[in-house]
Amino acid sequence: MLFRFLFISFIFLLVEVYAFQALRTLLKNTWALRIYLGLSVLILAFILYSFSQFDRSVGQTRYTLFTLGLMLLVYLPKIVVTLVMLGEDVFRLLSGSVQYFVKSSTTGFLPERRKFISQIGLGLAAVPFLSLIYGMTVGKYNYKVIKQRIFFPDLPDAFDGFTITQISDVHSGSFDNPEKINYAIDLINEQEADMILFTGDIVNTHAKEMHPWIESFNRIKDFKFGKFSVLGNHDYGEYVTWSSPQDKEKNFEDIKNLYSEIGFELLLNENRFIAKDGQRIALVGVENWGRNFKQAGDLNKATKNLSETDFKILMSHDPSHWEYEVKKHPKNIHLTLSGHTHGLQFGIEIPGFLKWSPVQYIYKQWAGLYEEFGRYIYVNRGFGFHAYPGRVGIMPEITVIQLKKGEKLA
């Protein structure tokens, strides 16, 4: 514990020293440097104090969201500056060594810092700084409707053209703008889909987080073929300390009831048949199953009465479930809908050209459509936000999936 504290303190000190060095190379005004140092000390003190006051019985709040956002806003740009300046110091050390030991220079061991390197470091630091500000002010509510058509040769004829709206990862405890949430609800209603599916995480931890937003989510219209949901990892209250097991269980029951309060039928390791024009498909819903999170999902139980030939759509919050259990399951799950990753709320997406996020090094399937063995998973990027109070490059998503009869087009 002591070693970890000392290591983190060293990193903070290193970052602050290099950031100050970069500014001092450019700024010659002593008062400006003093003001910078004073603000840096105050911000660091505020962040350390805020984290020291974190209450494990409460969990994430808007205050902790703000604190984490501030920490990223201040220190991510400083880390960029540090990497640039550290690179220059490595060059200075090598260059100085050559001059001193090989050429026997008498002008000094280390060359002076170059002003343009500091300018490059600060210029590069402006990119994450401005991006994070955008993410916290605009990006977190910059909802995108993403439409996806998927072809299945064995889709029942009656369901050719059937449309599904998917939302996921609401995290209502993070919301702070009713106008934006109502705008998103309007977008959902405008899609005119046949059915809507909600793939979990209605709150961050506590059922009460959703109470101010129930009226807004009750504005989601009735869909002809139903409104269904499953639980996400945050719906189990696993990330806080409870005063008693009874309180935790009551909160869990209250969270399950939230789904019905906004008009969704919650599927708990079970399935429903969706009938149309004398034909049917099976909708399967499992509880959360995550490689590194709660594993309450039971796919065998949820598909017990289904045959291999039934056309099946599975709702499973965590996409790692598809990777480890679903895609090779003998019951042949045609399409899985997941969420959970949020695309880390940070990345770069240029449709048809580039899709990158650090979360891809943790989850093989992290955003959009994937296919193996003729079986598909679609990972929704999330409706809300969690931890970092913003989104950079990976926008909040409302998905509209159209099922089509036939082979995949080239």
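Look up a bit, the structure's there.
**Looking at the sheet that holds strand S1 (residues 144–152)**
Okay, so step 1: Pairing in this open sheet of six strands is mixed, and the strands run S1-S14-S2-S3-S4-S5 from one edge to the other. The open sheet has two edge strands, S1 and strand S5 (265–266), and neither has a second partner.
Okay, so step 2: Pairing analysis gives two bridges linking strand S4 (residues 227–229) to S5, with the strands arranged parallel. Within S5, the residue paired with Phe228 across the bridge is Glu265.
Okay, so step 3: In the packing of helix H5 (residues 178–190) onto the sheet, the strands contacted are S1, strand S2 (163–167), strand S3 (195–198) and strand S14 (397–405), and the crossing angle to S14 comes to about 10°.

**Some words on the pairing of strand S8 (residues 312–315)**
Okay, so step 1: The alternating pattern of S8 places Lys312 and Leu314 and Ile313 and Met315 on opposite faces, both of which are buried.
Okay, so step 2: The pairing of strand S7 (residues 279–285) with S8 spans four bridges and is parallel. Of the residues in S8, the one forming a bridge with Ala282 is Lys312.
Okay, so step 3: For S8 and strand S9 (residues 335–338), the ladder comprises three bridges, and the chain directions are parallel. Counterpart to Ile313 in the pairing with S9 is Leu335.
Okay, so step 4: Crossover S8 to S9 through helix H9 (residues 320–326) is right-handed.

**Regarding the side chain of Ser118**
Okay, so step 1: Summarising the element assignment, Ser118 is placed in helix H4 (residues 115–137).
Okay, so step 2: Since its relative accessible area comes to 0%, Ser118 is described here as buried.
Okay, so step 3: Once residues lying within four places of it in the same chain are set aside, the contact partners of Ser118 are Ala22, Thr25, Leu26 and Met85.

Reading the values: rules and limits
Residues numbered from 1 in each chain as written. Predicted model: local features only at pLDDT ≥ 70, side-chain atom pairs only at ≥ 80, totals over all residues. Heavy atoms only, no water. Pairing = 2+ DSSP bridges. Helix = DSSP H or I, 4+ residues; strand = E, 2+ residues; numbered from the N terminus. Contact = heavy atoms within 4.5 Å. Axes fitted to C-alpha atoms, helices over the stretch in contact; angles between N-to-C directions. Buried < 20%, exposed > 50% of the residue type's maximum accessible area, 1.4 Å probe, protein only. Right-handed = clockwise from strand over helix to strand, strands pointing away.

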